[in-house]
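Here is what each chain is made of, one letter per residue.
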Amino acid sequence: MSSEIPSDLTYTDAHEWVRETGGGVVRVGITDHAQSQLGDVVFVQLPTVGDTLAAGDAMGEVESTKSVSDIYAPVGGEVVAVNDGLDAGPELVNSAPYGDGWIAEIRLAEGASLDGLLDAEAYRQLADGS
C-alpha cells in the first residue's frame, strides 16, 4: 500500500514534511510513510519554543510501541510553535500526520531555504524504495 504524499509539501530524506505557512514560517511533521513504519505512536517529545535549530538537528522524538525515532529539523531557524495537542493525543501523528499530527513550526533563519528538500515525486521514489 502506497503512503499518502501530498504534492503541495516538501520532504526530507529522513521522512519529515514541510508546509510553508507564510511569513517565513514552516510547519513540520513526519510523513504518512514514517508513521506507518513506526506503528502506534505513544509519546512525542516536542522541541521547545525559542529553540534555535540548524538543518539536520534532532529537534524531538517520536516513541512508538516498536521504537524511538528522532525528528530532525528540515530547515534552520527558530521554533515558534509546537503542537501541544500531541501531549494528550500522540496518536494524532498516526491518524492525521499532515493535519492535527504536525510537530512544530519553525521561522526560517536568514538565508535558510527549502531548496535542498525533496518534492513529492522525489520523496515518493525514496519512500517506495525503503
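Thresholds applied
- Residues numbered from 1 in each chain as written.
- Predicted model: local features only at pLDDT ≥ 70, side-chain atom pairs only at ≥ 80, totals over all residues.
- Heavy atoms only, no water.
- Core = buried A, V, L, I, M, F, W, Y, C linked by side-chain atoms within 4.5 Å.
- Buried < 20%, exposed > 50% of the residue type's maximum accessible area, 1.4 Å probe, protein only.
- Helix = DSSP H or I, 4+ residues; strand = E, 2+ residues; numbered from the N terminus.
- Contact = heavy atoms within 4.5 Å.
- Pairing = 2+ DSSP bridges.
- Phe/Tyr/Trp six-rings, centres within 6.5 Å; stacked < 30°, edge-to-face > 60°.
- Lys NZ or Arg CZ within 6 Å of the ring centre and 35° of its normal.

Asker: Requested: an account of the nonpolar core, with residues and values cited.
Answerer: By size, the foremost hydrophobic cluster in this structure holds 24 residues, and its most contacted members are V44, M59 and I103. Counting residues per element, the ones that place at least two in this core are strand 3 (25–30), helix 1 (32–38), strand 4 (41–45), strand 6 (58–64), strand 8 (77–82) and strand 9 (104–108). Setting aside residues up to four positions removed in sequence, V44 forms contacts with E61, I71, L86, P90, V93 and I103. Residues W17, W102, A120 and A127 belong to the second largest nonpolar core, which totals ten residues.

Asker: Can you lay out the pairing of strand 8 for me, pointing to particular residues and giving the numbers?
Answerer: Pairing geometry for strand 5 (residues 52–53) and strand 8, over two bridges, is antiparallel. Looking across to strand 8, one finds that L53 is bridged to G77. Both strand 8 and strand 9 contribute to a ladder of five bridges, which runs antiparallel. Its bridge partner lying in strand 9, E78 is registered against R107.

Asker: I'd love a proper account of unusual backbone geometry, names of residues and values included.
Answerer: Of note in the backbone geometry, H15 takes a positive phi value of approximately 75° without being a glycine. Assessed through its relative accessible area of 18%, H15 is described here as buried.

Asker: How would you sum up the packing of aromatic side chains? Please name residues and give values.
Answerer: Throughout the structure, instances matching the rule amount to two aromatic pairs. With centroids separated by 4.7 Å and ring planes inclined at 15°, the aromatic side chains of Y11 and Y123 adopt a geometry described as stacked. Highlighted residues: Y11 in strand 1 (residues 10–11) and Y123 in helix 4 (residues 120–129), separated in sequence by 112 residues. Residue classification places Y11 among the buried positions, given a relative accessible area of 0%. A cation over a ring is seen here: R27 above W102, with NZ or CZ 3.9 Å from the ring centre.

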